[in-house]
Amino acid sequence: GNLRPWTLSGHFHESDKHDLIHINEALAGLPVSVKFLSFDQAKAGGLDGLDVLINAGNEGDAWSGGEVWNDPELLTQITAWVHRGGCFLGVGEPTAARGHGNLFRLSAVLGIDLDTGAKTSHGKRSFDLTEVPGLWPAGAAISGKAELFLCAPDTQVLASSGGVPTVTRHDFGRGCGIYLSSFRESPANNRLLLNLLLWGHNLPLDHDYLSDNPLTECAWYPAKQALIVINNSPDPQTANIRALGGLVRVNLSGFTTEVVHLGE
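Residues numbered from 1 in each chain as written. Predicted model: local features only at pLDDT ≥ 70, side-chain atom pairs only at ≥ 80, totals over all residues. Heavy atoms only, no water.

**Quick notes on the side chain of R191**
Looking at the element boundaries, R191 is found in helix α5 (residues 187–200). In this structure, R191 is buried with no salt-bridge partner, the nearest side chain bearing the opposite charge being D212 at 6.8 Å. R191 has contacts with P137, L205, L210, S211, D212 and P214, leaving out every residue within four places of it along the chain. (Helix = DSSP H or I, 4+ residues; strand = E, 2+ residues; numbered from the N terminus. Buried < 20%, exposed > 50% of the residue type's maximum accessible area, 1.4 Å probe, protein only. Lys, Arg positive; Asp, Glu negative; His and termini not counted. Salt bridge = Lys/Arg side-chain N within 4 Å of Asp/Glu carboxyl O. Contact = heavy atoms within 4.5 Å.)

This is the structure:
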């Protein structure tokens with residue numbers, strides 16, 4: 001479809017330990033259009049036409065944004081955009097800036113925040129896990145942060161670790177905020193990210209021309225009515241793909257590509 005996640009970040013440097021590196025690596029292989037948006041562009045109307053906005057990083061770093069999150073105009077623009085129907089996806093310590101009542105400056109959108117010590121005696125909300133059929137691929141894993149706490153009673157917790165939420169969703173107006181406490185690129189985690197992008201924008205998880213197997217991928221060429229299916233693993237795999245109103249099942253040997261001609 002026309003799902004377009006945009007990533008807000010500062011400068012880019014080599015690191016295999018940073019969430020944003022892994023987010024970018026995952027997005028590079030997903031069937032979505034990706035653009036980078038500066039904070040100034042976000043304030044100047046750059047959010048118009050976006051489907052998903054991603055902010056990933058640690059408190060105080062250029063990846064997350066650091067002191068830029070003290071800018072009330074930036075917060076206003078993004079909050080209004082989500083309320084109108086956008087999906088804000090935060091990873092790690094998104095929108096983090098100290099000196100306020102919350103660390104995550106968009107905690108009202110995300111429905112979750114990180115305790116810096118000021119709320120130690122406040123206690124934490126209890127929660128039940130929300131199950132979304134088909135959302136969580138086998139093998140997907142998100143590590144947690146002990147200081148996370150829910151700051152809205154209607155925040156859905158999709159996954160937790162040690163009694164602490166790790167993946168959440170909070171509906172906000174016509175849009176929503178989705179939070180991941182971390183992200184590491186892997187076939188299963190990449191599909192989880194895609195599922196969250198689809199779900200956050202109210203699109204079906206079994207969207208046409210998407211394989212149900214995270215170890216495989218496909219591409220559709222409508223002019224030729226051809227479906228290209230790739231096995232990225234060394235082992236035989238089966239991919240089920242919705243196409244032209246039906247379900248296509250493809251069996252692939254390790255590291256092979258199959259071309260399936262439909263409509264003939």
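**Section: the confidence of the model for the chain**
Taken as a whole, the chain shows an average pLDDT of 91; of its residues, 91% reach a score of 70 or greater. A low-confidence stretch, residues 9–15 (pLDDT under 50), is modelled with 16 contacts involving residues beyond four sequence positions or located in other chains. (pLDDT = per-residue confidence, 0-100.)

**A word on the sheet that holds strand β11 (residues 226–231)**
Within the open sheet, the three strands sit side by side as β10-β11-β14. Their pairing is antiparallel. Either end of the sheet is taken by a strand with one partner, and the two such strands are β10 (216–221) and β14 (257–261). Across the sheet, the mean angle from the axis of one strand to that of its neighbour is 20 degrees, orientation sign disregarded. Where β10 and β11 come together, six bridges link them in antiparallel fashion. Within β11, the position partnered with W220 by the bridge is L227. (Pairing = 2+ DSSP bridges. Axes fitted to C-alpha atoms, helices over the stretch in contact; angles between N-to-C directions.)

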